[in-house]
Amino acid sequence: MNKSITLATLALTLSVSTVAHSADTADTKALMGEAAGVVKAFGGPLKQTLVGAMKSGGPAEAIGACNEKAPNIAKNAAQATGWSVGRTSLKLRNPGNEADAWEMKVLKQFDERKAAGEKPGAISYGEVVEMDGKKQYRFMKAIGTAELCLNCHGKTLKPEVAAKLDGLYPDDKARGYNVGDIRGAFTLVKDL
Ligand code: HEC
């Protein structure tokens, strides 16, 4: 007698779950788009500051710009957007940028994706995760190594650059890179 009701219920359940699923996907897509905008709000001024400092004082002087201004630019981007923003890497210069377990996993995947032929500039990953019972959207975008970066992250550094870095970062591991390597990643979090 109620076979048709059961079928109707089933059909309804199916359509509801499909809707819920596509809404999820749409949300994640929106978050990913938002995250890409935050990366620009952070990465743009950071690169400008670096390039400006390199032009006016050379790499030894520009180290100061990275050292003092990078954390401030991150803070400003965070305040402006409501996202937490930072940079991390598998080979760190500043130990304060250390990756947590999730970031470590994603950084390793980025290296694998690059080895499989993807371009660093096109590599990113985002995911909804649960941390201490709270939902968060986490996003990372790979940062490639350009010619400019080799002044401070390359294999051979000018003596005055090496000396300044040694003084500021006695445990510096962020040297020896080549153009095209993944230097690290932007890492973003938004509480949902
Ligand atoms: C003038 C020297 C200099 C140049 C050029 C430079 N960096 Fe750095 N980089 C630094 C310093 C200093 C830090 C540490 C900043 C801090 O204390 O947060 C750093 C940190 C980083 C970090 C954060 C992770 C870590 O190791 O602590 C990334 C990622 C990074 N640099 C990428 C790049 C890329 C990509 C380029 C080229 C576009 C570049 N850097 C060019 C000096 C430089």
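Reading the values: rules and limits
Residues numbered from 1 in each chain as written. Predicted model: local features only at pLDDT ≥ 70, side-chain atom pairs only at ≥ 80, totals over all residues. Heavy atoms only, no water. Phe/Tyr/Trp six-rings, centres within 6.5 Å; stacked < 30°, edge-to-face > 60°. Helix = DSSP H or I, 4+ residues; strand = E, 2+ residues; numbered from the N terminus. Buried < 20%, exposed > 50% of the residue type's maximum accessible area, 1.4 Å probe, protein only. Lys NZ or Arg CZ within 6 Å of the ring centre and 35° of its normal. Contact = heavy atoms within 4.5 Å. Core = buried A, V, L, I, M, F, W, Y, C linked by side-chain atoms within 4.5 Å. Pairing = 2+ DSSP bridges. Axes fitted to C-alpha atoms, helices over the stretch in contact; angles between N-to-C directions.

Trainee: Is there a simple way to explain the packing of aromatic side chains in this structure?
Mentor: Inspection of the entire model under this criterion finds 3 aromatic pairs. Both rings, one in Phe42 and one in Phe186, keep their centres 5.5 Å apart while their planes meet at 75 degrees; by these two values the pair is edge-to-face. One end of the pair, Phe42, is in helix H1 (residues 3–81); the other, Phe186, is in strand E4 (residues 182–191), and 144 residues separate them in sequence. When the ring of Trp102 is compared with that of Tyr125, the centres are 6.2 Å apart and the planes differ by 35 degrees; the resulting orientation is tilted. Residue Trp102 is located in helix H2 (residues 101–115), and its partner Tyr125 is located in strand E2 (residues 124–131); the two are separated by 23 residues in the primary sequence. Residue Tyr125 is classed as partly exposed on the basis of its relative accessible area, which comes to 27%. In this structure, Lys91 is placed above the aromatic ring of Tyr177, and the distance from its NZ or CZ to the ring centre is 4.5 Å.

Trainee: Could you clarify how one ought to interpret the environment of Trp102 in this entry?
Mentor: What makes Trp102 buried here is its relative accessible area of 10%. Residues Trp102 and Val129 lie 27 residues apart in sequence; the distance between their C-alpha atoms is 9.5 Å. Setting aside residues up to four positions removed in sequence, Trp102 forms contacts with Tyr125, Glu127, Val129, Arg138, Phe139 and Met140.

Trainee: Would you explain the nonpolar core in this entry?
Mentor: If you look at soluble globular proteins, the nonpolar side chains tend to sit buried side by side. Phe42, Trp83 and Leu188 are the most contacted members of the largest nonpolar core, which totals 16 residues. Contributing elements (two or more residues each) for this core: H1, strand E3 (134–144) and E4. Membership of the second largest hydrophobic core comes to 11 residues, among which are Val106, Ile123, Met140 and Ala185.

Trainee: Is there a simple way to think about the sheet that holds E3 in this case?
Mentor: The strands making up a sheet are joined through hydrogen bonds of the backbone, oriented either antiparallel or parallel. If you trace the 4 strands from one edge of the open sheet to the other, you get E1-E4-E3-E2, paired in antiparallel fashion. Looking at strand neighbours, the two that pair on one side only are strand E1 (84–88) and E2, the edges of this open sheet. The mean angle between the axes of side-by-side strands here comes to 20 degrees, regardless of whether they run parallel or antiparallel.

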